[in-house]
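Close look at the chain arrangement
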Amino acid sequence: MDWCDLCIIPGFDIDRSGGELMTDLTSTVSSGTTADLDKSPSNPRGWVTLTPAPGAGEARPQAVPTAVDLSVLVPTRNEVGNVAVLTERLSEAMTGLGRSWELLFLDDSDDATPDVIGSLSSRHPEISMLHRPRGKRPGGLSGAVVAGFRAARGQVMVVMDGDFQHPPELVRELVK
């Protein structure tokens, strides 16, 4: 059995070739199964790519594990210098809040931003990334946000810029 058979995400197919939604599925497979994940030096966390299945339409995927209290959606485009600081500031702001949360980067970058986000996820398990490669970015910024709404697991969603126009510390105040 392929480990992908253990990941049930309605409306999505697993695609290891690189495309739309990259997520660390380590936490979504049962205990003892993570050794089967496709890990390599270029893919140390076992990232896979999810693309909408044919005929999936506008259905929102129901990701595993279950929902979180809050999804923070951050559209990025060539923000290699900002994502680490933003992640640290947001993580600090969320500490002690008593709510489960995820940080979903909606990335349309052509630089090393996706690599930095992938590296950050090793220290921050709440991070996931929707990377839309060149030529697959319909709707620009608003299209990225809509795709993020579909992929997010939060009961409440906050959208903030990746360039600090919205201070990450304000998220805590919004959800108190």
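Rules used throughout
- Position numbers for residues count from 1 along each chain, tracking the sequence in the order it is written.
- Per-residue local features of the predicted model are confined to residues with pLDDT of at least 70, and side-chain atom pairs are confined, for both listing and counting, to 80 or more; whole-chain, interface and lining totals are unaffected and use all residues.
- Remark: hydrogens and water are excluded; side-chain values derive from all non-hydrogen atoms of the structure.
- Whenever a carboxyl oxygen of Asp or Glu lies within 4 Å of a side-chain nitrogen of Lys or Arg, that contact is scored as a salt bridge.
- Only DSSP runs of H or I with at least four residues qualify as helices, and only runs of E with at least two residues qualify as strands; both kinds are numbered from the N terminus onward.
- Exposure categories follow from relative accessible area, calculated using a 1.4 Å probe and restricted to protein chains: below 20% of the type maximum is buried, above 50% is exposed, and the middle band is partly exposed.
- Expected helix span is computed as 1.5 Å times (number of residues minus one).
- Note that the arc is defined by the directions from the helix axis to the C-beta atoms.
- What pLDDT expresses is the predictor's confidence in each residue, scored from 0 to 100.
- Contact criterion: two residues are considered in contact whenever any of their non-hydrogen atoms come within 4.5 Å of each other.
- A residue counts as positive if it is Lys or Arg and as negative if it is Asp or Glu; His and the chain ends are not included.

1. Some thoughts on the pattern of salt bridges
- Here the structure, examined in full by the defined rule, presents 7 salt bridges.
- Linking R77 and D110 is a salt bridge whose minimum nitrogen-to-oxygen distance equals 3.4 Å. Taken as a pair, R77 in the loop between β4 (68-76) and α1 (83-94) and D110 in the loop between β5 (101-107) and α2 (113-120) lie far apart in primary sequence, 33 residues in all.
- By relative accessible area, which is 36% here, D110 ends up partly exposed.
- Between E102 and R153 there is a salt bridge, with the nearest N and O atoms lying 3.3 Å from each other. Within this pair, whereas E102 is found in strand β5, its partner R153 is found in the loop between α3 (140-151) and β7 (154-159), the two being separated by 51 residues in sequence.
- Here the residues in one salt-bridge network are R77, D110, R134 and R137, joined through shared partners.

2. Details of α1
- An ideal rise of 1.5 Å per residue puts 16 Å on 12 residues; α1 measures up with 16 Å between its terminal C-alpha atoms.
- For α1, the full list of buried residues reads V83, L86, T87, L90, S91, A93 and M94. Burial along α1 is one-sided: seen end-on, the buried residues are contained in an arc of 160 degrees.

3. Looking at the confidence of the model for the protein chain
- With 62% of its residues at a pLDDT of at least 70, the protein chain reaches an overall mean of 74.
- Low confidence marks residues 1-39, where pLDDT is under 50. Its contacts with residues over four positions away, or in another chain, come to 93 contacts.
- Under a pLDDT of 50 for its full length, residues 48-64 has, in the predicted model, 53 contacts with residues more than four places off or in other chains.

4. Focus: the side chain of D107
- Residue position: D107 is located in strand β5.
- Within the buried set, D107 has no salt-bridge partner at all; the shortest N-O distance to an opposite charge, 6.4 Å, is to R137.
- If near-sequence neighbours (up to four positions away) are discounted, D107 is found in contact with T76, R77, T113, P114, M129, L130, H131 and R132.

5. Quick notes on the environment of K136
- Looking at the element boundaries, K136 is found in the loop between β6 (127-131) and α3.
- C-alpha separation for the pair K136 and D108, spaced 28 residues apart in sequence, amounts to 9.0 Å.

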